[in-house]
Amino acid sequence: MQTDIEIYTLSCPTEKIIAWLEETFTIVNKSEPSKLCSKITINSNGNEIDVTILKQAAGKRFTSISFDSDKTPWKNDIDCARQAFKSLNCEVRCNFEAWEEKGDQDPDQWWQINAYGEGPFIWN
């Protein structure tokens, strides 16, 4: 299990992302600390997980969705991205492998899922 999960959606409204979370989990709490940031606490199998939705996280068109827990239902970012793409029907990107502070992975190597398929690519 990863210590956290983070994906990026392309041109996907926050309301649609929140609707996906509401369909998938029980929402415990919602707040909007700023115009670009929404904070949500979800319940997943008895575990409360903090989720941050940050608009314009990677350029103006990408929104970050970060699950701050190792108790998500997904094994890794790619599994989460696949479910998000299926539900949101918008391009989703995530790290190709779990990010490590001292790892030797290429920081520009990402995984992309869109209407054309899915696979690794360089995002720089």
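Along each chain, residues carry numbers from 1 onward, in the same order as the chain's sequence is written. Given that this is a predicted model, residues contribute local features only at a pLDDT of at least 70 and side-chain atom pairs are listed and counted only at 80 or more, while totals for whole chains, interfaces and linings are drawn from all residues. Note that the side-chain values use all heavy atoms of the structure and ignore hydrogens as well as water.

## What to know about the packing of helix α1 (residues 14-24) against helix α2 (residues 77-88)
When two helices pack together, their arrangement is given by the angle between the helix axes and by the axis-to-axis distance.
Piece 1. Interhelical geometry of α1 versus α2 gives an angle of 110° and a closest axis separation of 10 Å. The orientation of α1 with respect to α2, classified from their angle, is roughly perpendicular. Of α2, the residues touching α1 (which contributes K16, I17, W20 and T24) are C80, Q83, A84, S87 and L88.
Piece 2. Taken together, the residues of the contact of α1 with α2 sort by class into 5 nonpolar, 3 polar and 1 charged. Whenever a helix is involved, its axis is fitted only over the stretch in contact; in every case the axis is a line through C-alpha atoms, and angles between N-to-C directions fall within 0 to 180 degrees. Each helix is a run of DSSP H or I of at least 4 residues and each strand a run of E of at least 2, with the numbering of both proceeding from the N terminus. For this classification, under 35 degrees means roughly parallel, over 145 means roughly antiparallel, 65 to 115 means roughly perpendicular, and everything else is oblique. A contact between two residues is defined here by any heavy atoms of the two lying within 4.5 Å. Ten residue types, Ala, Val, Leu, Ile, Met, Phe, Trp, Tyr, Cys and Pro, are classed as nonpolar, four, Asp, Glu, Lys and Arg, as charged, and the remainder, Gly among them, as polar.

## Remarks on the nonpolar core
Piece 1. Core analysis: the biggest nonpolar cluster contains 26 residues, and I7, W20, L21, V51 and F67 have the highest contact counts within it.
Piece 2. Mapped by element, the contributors of at least two residues to this core are β1 (5-10), α1, β3 (37-44), β4 (47-54), β5 (62-68), α2, β6 (92-95) and β7 (109-114).
Piece 3. Broken down by element, the residue count for this core peaks at 5 residues, all from α2.
Piece 4. The contacts of F67, once residues within four sequence positions are left out, are D4, I5, W20, L21, F25, I42, I49, D50, V51, T72, W74 and C80.
Piece 5. Counting 6 residues, the second largest nonpolar core, distinct from the first, contains Y8, L10, F62 and W110. Here, the term nonpolar core denotes a set of buried Ala, Val, Leu, Ile, Met, Phe, Trp, Tyr and Cys residues that are joined through side-chain atoms within 4.5 Å. Only protein chains enter the area calculation, which uses a 1.4 Å probe; residues under 20% of their type maximum are buried, those over 50% are exposed, and those in between are partly exposed.

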